[in-house]
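Here's the letter readout for the chains.
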Amino acid sequence: MRGYDKLLVPIGFSEPTKEIVGSALRVLAGGGTLILLRVGEWLPTVTESTFGVYAHRKAIEKFRKLARAKLQDLAGQTLTRDRPDAKFELMIAEGQPAWAIRRALAEVQSDLVGMGTHGRARLDHLLIGSVAERVVRKAPCSVMLVRYEP
């Protein structure tokens, strides 16, 4: 197998993040690009005004700055050590995670998306849903799921 040239990996900075990135690097083609995506979802309880509910611009900018720094750190630790031939890009998006991931996939025209999934009980899954499942159903490319137990 030759590997994938462009691979998108949504990052949540949970326990299995390094395992998910490691799996992605194993299937990335030589000289391929790994795109690390961090999605911020704003809850509608942030601030209310006469114009509606919105998130503070300062909070959003702080999130973006922190997310970029953490993604650069992750990329620096992982790529330079494990795959110095790989290129990487950083993306920061806002919105509902599954929707933002699908939008990013279409934008960058990724060959593969690599995500983590966990073994939730049936009731938890029915009540909470699964970002990975929503992405799998409508992704415009192949999806690699890395399973982990919380």
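Only a predicted model underlies this, so the values are computations on that prediction, with no experimental measurement involved.

Take the overall build of the protein chain next. Summing up its helical and strand segments, the protein chain has 5 helices and 7 strands in all. Each helix and strand of the protein chain, placed in order from N terminus to C terminus, yields the pattern β-α-β-β-β-α-β-α-β-α-α-β. Put simply, of all contacts in the protein chain between residues at least 6 apart along the chain, 75% involve residues at least 24 apart. For the protein chain, the computed accessible surface area is about 9200 Å², with 53% contributed by carbon and sulfur atoms.

Looking now at the pattern of salt bridges. Under the criterion given, the structure shown has 3 salt bridges. The shortest N-O distance in the salt bridge between Asp85 and Arg83 comes to 2.9 Å. Looking at Arg83, the relative accessible area reads 14%, which means it is buried. Its salt-bridge partner being Glu133, residue Arg137 comes within 2.6 Å of it at the nearest N-O pair. Linking Arg137 with Glu133, this pair stays in helix H5 (residues 131-138), spanning 4 residues, or about one helical turn.

The residue Gln109 is not glycine, and still its phi comes out positive at about 55°. Take Gln109: it is sitting in the loop between helix H3 (97-108) and strand E6 (112-118).

Moving on to the nonpolar core. Counting 23 residues, the largest nonpolar core has Leu7, Val9, Ile11, Val21, Leu34 and Leu36 as its most contacted members. When residues of this core are traced back to their parent elements, those giving at least two are strand E1 (4-10), helix H1 (17-27), strand E2 (28-40), helix H2 (57-82), strand E5 (87-94) and strand E7 (142-148). Here this core gets 6 residues from one element, more than from any other, and that element is H2. Ignoring anything within four residues of it in the chain, the contact list for Leu7 reads Ala24, Val27, Leu28, Thr33, Leu34, Ile35, Ser110, Leu112 and Gly114.

Mapped onto the elements of the fold, Ser130 is located in the loop between helix H4 (122-128) and H5. A distance of 3.1 Å separates a polar atom in the side chain of Ser130 from the backbone nitrogen of Glu133.

If you trace the backbone, Thr33 turns up in strand E2. Those residues in contact with Thr33, other than ones at most four positions away along the chain, are Asp5, Lys6, Leu7, Leu28, Lys87, Phe88 and Glu89.

By the criterion of burial, E2 is predominantly enclosed, with 10 of the 13 residues buried. Strand direction decides the pairing type here: E1 and E2, joined by 6 bridges, are parallel. Residue Lys6 lies in a different strand from E2, and its bridge partner there is Thr33.

Rules used in this analysis
In this numbering scheme, every chain counts its residues from 1 along its sequence in written order. In keeping with the model being predicted, local features are shown solely for residues with a pLDDT of at least 70 and side-chain atom pairs are shown and tallied solely at 80 or more, while totals for entire chains, interfaces and linings include all residues. Water and hydrogen atoms were dropped before computing side-chain values, which therefore reflect all heavy atoms in the structure. Counting from the N terminus, the helices are DSSP H or I runs at least four residues long and the strands are E runs at least two residues long. Contact definition: two residues touch when any of their heavy atoms are within 4.5 Å. Surface exposure here means Shrake-Rupley accessible area, sampled with a 1.4 Å probe, where a residue is shielded only by the protein chains that are shown. Any carboxyl oxygen of Asp or Glu within 4 Å of a side-chain nitrogen of Lys or Arg constitutes a salt bridge here. Partly exposed describes any residue whose relative accessible area lies between the buried limit of under 20% and the exposed limit of over 50%, with all areas from a 1.4 Å probe on protein chains only and scaled to the type maximum. Nine residue types can take part in a nonpolar core, namely buried Ala, Val, Leu, Ile, Met, Phe, Trp, Tyr and Cys, and a core is a set of them joined through side-chain atoms within 4.5 Å. Nitrogen and oxygen atoms within 3.5 Å of one another constitute a polar contact, given that in protein one can donate a hydrogen and the other can accept it, and given that sequence-neighbouring residues count only through two side-chain atoms. In this description, strands pair whenever DSSP reports at least two bridges between them.

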